[in-house]
Amino acid sequence: MTSLHQLVEDAVRTTGDVARDSTERMPISIGDASFAAALDPAMQIKAAALKGDGAGCHAGKDEMRRAAAAAGKSETLDRYAADYPAGPHDQPQSMCPAFGSLRVGLRMRRTATILSGSACCVYGLTFTSHFYGARRTVGYVPFNSETLVTGKLFEDIREAVFKTADPAKYDAIVITNLCVPTASGVPLQLLPKEINGVRIIGIDVPGFGIPTHAEAKDVLAGAMLRYAREEVEQGPVQAPRAGRSERPTVTLLGEMFPADPVGIGMMLEPMGLAAGPVVPTREWRELYAALDCAAVAAIHPFYTAALREFETAGRKIVGSAPVGHDGTAAWLDAIAEACGVGADALAAAKNRMLPAIKAALAARPVKGRITLTGYEGSELLVARLLIESGAELPYVGTACPRTRWSETDREWLEARGVKVQYRASLEQDIAAVHEFKPDLAIGTTPVVQAAKEMAIPALYFTNLISARPLMGVAGAGSLAQVVNAALGNKARFEAMREFFEGVGDGFAAGVWESEPKDRPEFRERYRRQLEAQAKARRSLESV
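## A word on the pattern of salt bridges
Reasoning step 1: Scanning the model with the defined rule gives 35 salt bridges in all.
Reasoning step 2: Here Arg110 makes a salt bridge to Asp171, at a shortest N to O gap of 2.9 Å. On the criterion of sequence distance, the pair formed by Arg110 in the loop between helix H6 (98-106) and strand E1 (111-116) and Asp171 in the loop between helix H9 (152-164) and strand E3 (172-177) is long-range, its members being 61 residues apart.
Reasoning step 3: Given a relative accessible area of 15%, Asp171 falls into the buried group.
Reasoning step 4: Note that Arg199 and Glu231 form a salt bridge whose closest N and O atoms lie 2.8 Å from each other. Of the two residues, Arg199 sits in strand E5 (residues 198-204) while Glu231 sits in helix H11 (residues 213-234), which places them 32 residues apart along the sequence.
Reasoning step 5: Of the residues examined, Glu231 reaches a relative accessible area of 18% and is grouped as buried.

So this is what it looks like as structure tokens:
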């Protein structure tokens, strides 16, 4: 079996051959000056990308960033750095970010999805997407060191796009570069914008540029909104499947439980407004309707690229969401101001919704101390709802960044003594569980695992909390049942800890005939080996 080091050395030799004979080997359609300038000089950038490949998605981040910049991706990476600022960790601590954009594309009608990346990455992404219910084909353009280094990969992508572009089946094709093609500078921007009437959307979604899968949703949503906005500027476009709304609409930004848009529509009705499409949309034509709105509700405040397109289109943005009594009242005020709604209509909307929300909160109280963490982007909204339900909540962590559209929620929470941690790392989230010793920990899978090891009941945020209505009357009582049931499990966890007492933990976990011995010298040996491999890679870079 060829080692990674040998593979990289072969790649460097291959890049040297290409540099010496590029005019004969370079595919004709990417031989223009701008692309040749990025590829031709001495293609060690390809070798740097290949070194990251095969070493796992958490290896070679700095190398791949440098390679991508050298390959002409500086503008893309700079934009990502501005839109999605990094946190205390320089790599995603949740699932691969590309799952977010993949999920957006797979949920859209008449939209084809094609991935270009390492086979292990594509396998993992398709497995995860189908695990979460996708029933759609995912296209894949494979590569090897030769096709990546010579530029043949781009030709293969181009061929795949042309073969897929059937207007009878598709409105759009989304082609996504994962880490290695991005680091290698595969230029999706050179693909045609349209083939046979089918729109072509090329995006780079590298793990070394996009911190979370939630923000990767924004990468694709923003790219689609930009394309749709430019279409609108050029002339008439297709109407929504259900026709245009007779009332001014409020576009809802961010994935949410299906009942929430319905509940929001009921809140808006007394003000003469209607709930518009939810972005990311389920069909291309809904993008036009989303742009054709009176205001945009940034339910998830981290959709920076999408919000930029709405602002370019002249639309007003409203942050936060109608969660709980206080949140709903403040949100309705902001919507009324943005849409020019009169005081009487606003009062009618509040009179319809606020008493019912207050009654629902009182009917299903939550009592207990809770820590809350997640990576979906709705963590601050859930925290507000739990506090209004009666819970004590000293800490909320979100993997998403702080933006101006989340300031209302942050200020409300901090005024009630909550520590709000943006770009929360796993270490910070687990430290909060140790510090505050909650009656219930809500969080990501490793946080839940850590809490249960401490005999603290825990709930997985994504499947058990965010997959419930949060807005309006329906949201007011939706969390109480699952949260109160979990809070009642403390005695069960204590009994389990007592039952398993003495089985050990860490390296000694389990039942043994003789007690295992820790062997730190093995770990030290592996550490030295890894350091030697890293030094060899750095030496290879300088060749």
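## Examining H6
Structural remark: α-helix, 3.6 residues per turn; residues separated by three or four positions point the same way.
Reasoning step 1: The element H6 is largely enclosed, with a buried count of 8 among its 9 residues.
Reasoning step 2: When H6 is considered as a whole, its buried residues turn out to be Ala98, Phe99, Gly100, Ser101, Leu102, Val104, Gly105 and Leu106.

## Considering the packing of aromatic side chains
Reasoning step 1: In the structure shown here, the tally under the stated rule is 4 aromatic pairs.
Reasoning step 2: Between Phe302 and Tyr303 the ring centres are 4.9 Å apart and the planes differ by 25 degrees, which places this aromatic pair in the stacked class.
Reasoning step 3: Under the relative-accessibility criterion, Phe302 is labelled buried at 1%.
Reasoning step 4: On the basis of relative accessible area, Tyr303 is assigned to the buried category, the value being 0%.
Reasoning step 5: Seen from the ring of Tyr227, Lys193 lies directly overhead, with NZ or CZ sitting 4.8 Å from the centre.
Reasoning step 6: The lysine or arginine in question, Arg416, covers the ring of Trp412, its NZ or CZ lying 3.8 Å from the ring centre.

Each value, and the rule that gives it
Residues numbered from 1 in each chain as written. Predicted model: local features only at pLDDT ≥ 70, side-chain atom pairs only at ≥ 80, totals over all residues. Heavy atoms only, no water. Salt bridge = Lys/Arg side-chain N within 4 Å of Asp/Glu carboxyl O. Helix = DSSP H or I, 4+ residues; strand = E, 2+ residues; numbered from the N terminus. Buried < 20%, exposed > 50% of the residue type's maximum accessible area, 1.4 Å probe, protein only. Phe/Tyr/Trp six-rings, centres within 6.5 Å; stacked < 30°, edge-to-face > 60°. Lys NZ or Arg CZ within 6 Å of the ring centre and 35° of its normal.

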